[in-house]
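Architecture and fold: a report
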Amino acid sequence: MQHYESALPPRAQWELAFIYAFVTVFGGFDRQGIHAFPDLQPEDLERSLNGENNPLLNDLLTSFLSNTLNRKKRLDIKQCHKELLKLINSKMSLMEADLQTNPLQNNSFEQLEPTTKLTLLRYMVEWQLQDSNIIRSIVDTSKGTSEPSIRSMPVGTDSKKRAYWHFGDAPWLWREKSKLRSGCQWETVSRTIEELQHFAESLAKDIRSERELAEYITQEIIPLAEEAVRRKQRKERERDRQVLAEQLITERRLRPRRGVRPARYNFDDMYKDEDFADRSDDYICESPAAVEQSTPPTRSSNRLNPRPSSLPMYIDEHWTIPTTSAKDVRPIAE
């Protein structure tokens, strides 16, 4: 059985569980005004804390900060550093953040240690519950109604009175240990379905609390986690099919068309040999005088080329227009 090793120390496990529980509980409320949280599993959140410019972590940061500041428009990731820096300074002055210095004073959020990132995200969960108008309204309206409860309760206990917690549809199971000196400590019991099944089988059947816990894990948590895995696989297959379809479309556009011969043009039948014969001897050079005596071009304007009023509108080309001489010109009688 493969065991997933956590990069976070045990003291940070409860913060991881707290953030994941908040996302799963309030992510199911479709209310106008709340900035939606990304779809994630605990391992996604844990791995995103170790990278820089992680899309999931950026999405979570912008939604948390936008809800805390009651912004109608979601903040851009470029605005988060300045706004979060101001928010932390304000909360430190009000003693609502147990921090010695502001971690963002000299570093960006991406440059912080994973545990520091997790602590700031946990603070933003608390500030959303305190300052976000829409989230507070969800808390108030859920009291005494048939809406899903936002309160989380342990799913069971063992023979040592240790409480077990489960949130969402992940196979992660946490165990809370209470000690007088160190207080409450959280540890992760399982991270996969195989680990969850193995833990359920290890519980004692002759102890009522452990038997009931094993039944709850087998009948409630495991089917829920298996359906989440199938849903995630369907999304991955759909995404792979979309990527493959886009690749095929791109290849088809770039691929040369087969079976289509290039066009070839033949102009041999369009011209005869005499069209290309040497006709230099046929050229006759006319003198300038001959060019001047040539017939002027016909103009279509009646003003530039007036026609006698006695002539008909249309003249046959065989008609001869009589000319008048000086003898025929008679003075007009006064």
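Rules behind the numbers
- Residues numbered from 1 in each chain as written.
- Predicted model: local features only at pLDDT ≥ 70, side-chain atom pairs only at ≥ 80, totals over all residues.
- Heavy atoms only, no water.
- Helix = DSSP H or I, 4+ residues; strand = E, 2+ residues; numbered from the N terminus.
- Buried < 20%, exposed > 50% of the residue type's maximum accessible area, 1.4 Å probe, protein only.
- Contact = heavy atoms within 4.5 Å.
- Areas by Shrake-Rupley, 256 points an atom, 1.4 Å probe, with all protein chains shown as cover.
- Salt bridge = Lys/Arg side-chain N within 4 Å of Asp/Glu carboxyl O.
- Expected span 1.5 Å × (residues − 1).

1. Considering the overall build of the chain
Helices and strands together make up the secondary structure of the chain, namely 9 helices and 4 strands. Order of helices (α) and strands (β) in the chain, N terminus to C terminus: α-α-α-α-α-α-β-β-β-β-α-α-α. Taking all 334 residues of the chain together, 31% fall into the buried category. The long-range fraction of contacts in the chain, counting pairs at least 24 apart against all pairs at least 6 apart in sequence, stands at 54%. Roughly 24600 Å² of accessible area belongs to the chain as shown, and the carbon and sulfur atoms make up 50% of that amount.

2. Notes on unusual backbone geometry
The phi dihedral of Met-95 is positive, around 60°, even though this residue is not glycine. Relative to the helices and strands, Met-95 resides in the loop between helix 4 (77-93) and helix 5 (114-131). Its identity is not glycine, yet Lys-161 carries a phi of approximately 65°, on the positive side. Secondary-structure assignment places Lys-161 in the loop between strand 1 (156-157) and strand 2 (163-165).

3. A look at the pattern of salt bridges
Counting across every chain of the model gives 15 salt bridges. Asp-39 is paired through a salt bridge with Lys-235; the nearest N and O atoms lie 3.3 Å apart. Of this pair, Asp-39 sits in the loop between helix 1 (13-26) and helix 2 (42-48) while Lys-235 sits in helix 8 (residues 208-254), placing them 196 residues apart in sequence. A salt bridge links Lys-177 to Glu-187; the shortest N-O distance between them is 3.8 Å. Here the residue Lys-177 occupies a position in strand 3 (residues 173-179), and Glu-187 occupies one in strand 4 (residues 183-190), the gap between them amounting to 10 residues. On the basis of relative accessibility, which here comes to 22%, the residue Lys-177 falls in the partly exposed class. Sharing partners across several salt bridges, the network here consists of Glu-15, Arg-122 and Glu-126.

4. Quick word on helix 1
Given 3.6 residues per helical turn, the α-helix brings residues three or four places apart onto the same face. Taking 1.5 Å per residue, 14 residues should reach 20 Å; helix 1 reaches 20 Å between its end C-alpha atoms and fits that length. The element helix 1 is largely enclosed, with a buried count of 10 among its 14 residues. Listed as buried for helix 1 are Gln-13, Glu-15, Leu-16, Ala-17, Ile-19, Tyr-20, Ala-21, Phe-22, Val-23 and Phe-26.

Everything listed here is a matter of coordinates, which is why it stays silent on function.
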